[in-house]
Amino acid sequence: MPKNSVNTAQPASFEQAMQELELLVAQMEAGELPLEASVAAYKRGSELVKFCSSQLDKVDHQVKLLEGGMLKPFTPDGDGGGEEEPQ
């Protein structure tokens, strides 16, 4: 993708969307884009964020189905409420 053009195609994957989003952010932060291109990049970035969010929601739903809805909340101290025996 040339520096000053914005891709409009649906990303093939979550990873591709993230890579494109990172490139857009880097270009915008560096001030490499003229105003009109910045607006187009912002719009594209919004679309990519929605795509990534949708992909993450789908994966979250799949994990919940695989775990039979029995996921337990994560706690940083390691006490996730699981059946681990005390050491």
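Refer to the structure presented above.
These lines cover the structure that appears in this document, whether it is placed above or below. (Residues numbered from 1 in each chain as written. Predicted model: local features only at pLDDT ≥ 70, side-chain atom pairs only at ≥ 80, totals over all residues. Heavy atoms only, no water.)

Brief notes about the packing of helix 1 (residues 14-30) against helix 2 (residues 35-66)
One way to put it is that helix 1 packs onto helix 2 with a least axis distance of 9 Å and a crossing angle of 150 degrees. Relative to helix 2, helix 1 is oriented roughly antiparallel. Crossing handedness for the pair helix 1 and helix 2: left-handed. Residues F14, A17, M18, E20, L21, L24 and M28 of helix 1 form the contact with helix 2, whose participating residues are S38, A41, Y42, R44, G45, L48, V49, F51, C52, Q55 and L56. (Axes fitted to C-alpha atoms, helices over the stretch in contact; angles between N-to-C directions. Helix = DSSP H or I, 4+ residues; strand = E, 2+ residues; numbered from the N terminus. Parallel < 35°, antiparallel > 145°, perpendicular 65-115°, else oblique. Left-handed = near helix turned anticlockwise from the far one by under 90°. Contact = heavy atoms within 4.5 Å.)

Topic: the pattern of salt bridges
Enumeration according to the criterion identifies 3 salt bridges in this entry. Residue R44 is joined to E47 by a salt bridge in which the shortest nitrogen-to-oxygen separation is 3.7 Å. On the criterion of helical spacing, the pair formed by R44 and E47 is a turn pair, its members being 3 residues apart in helix 2. Judged by its relative accessible area of 37%, E47 is partly exposed. A salt bridge links D60 to K64; its shortest N-O distance comes to 3.3 Å. (Salt bridge = Lys/Arg side-chain N within 4 Å of Asp/Glu carboxyl O. Buried < 20%, exposed > 50% of the residue type's maximum accessible area, 1.4 Å probe, protein only.)

A short note on the environment of Q10
With respect to the helices and strands, Q10 occurs in the segment before helix 1. Judged by relative accessible area, which is 61%, Q10 ranks as exposed. Remark: the alpha-carbon pair of Q10 and F51, spanning 41 residues in sequence, is separated by 8.5 Å.

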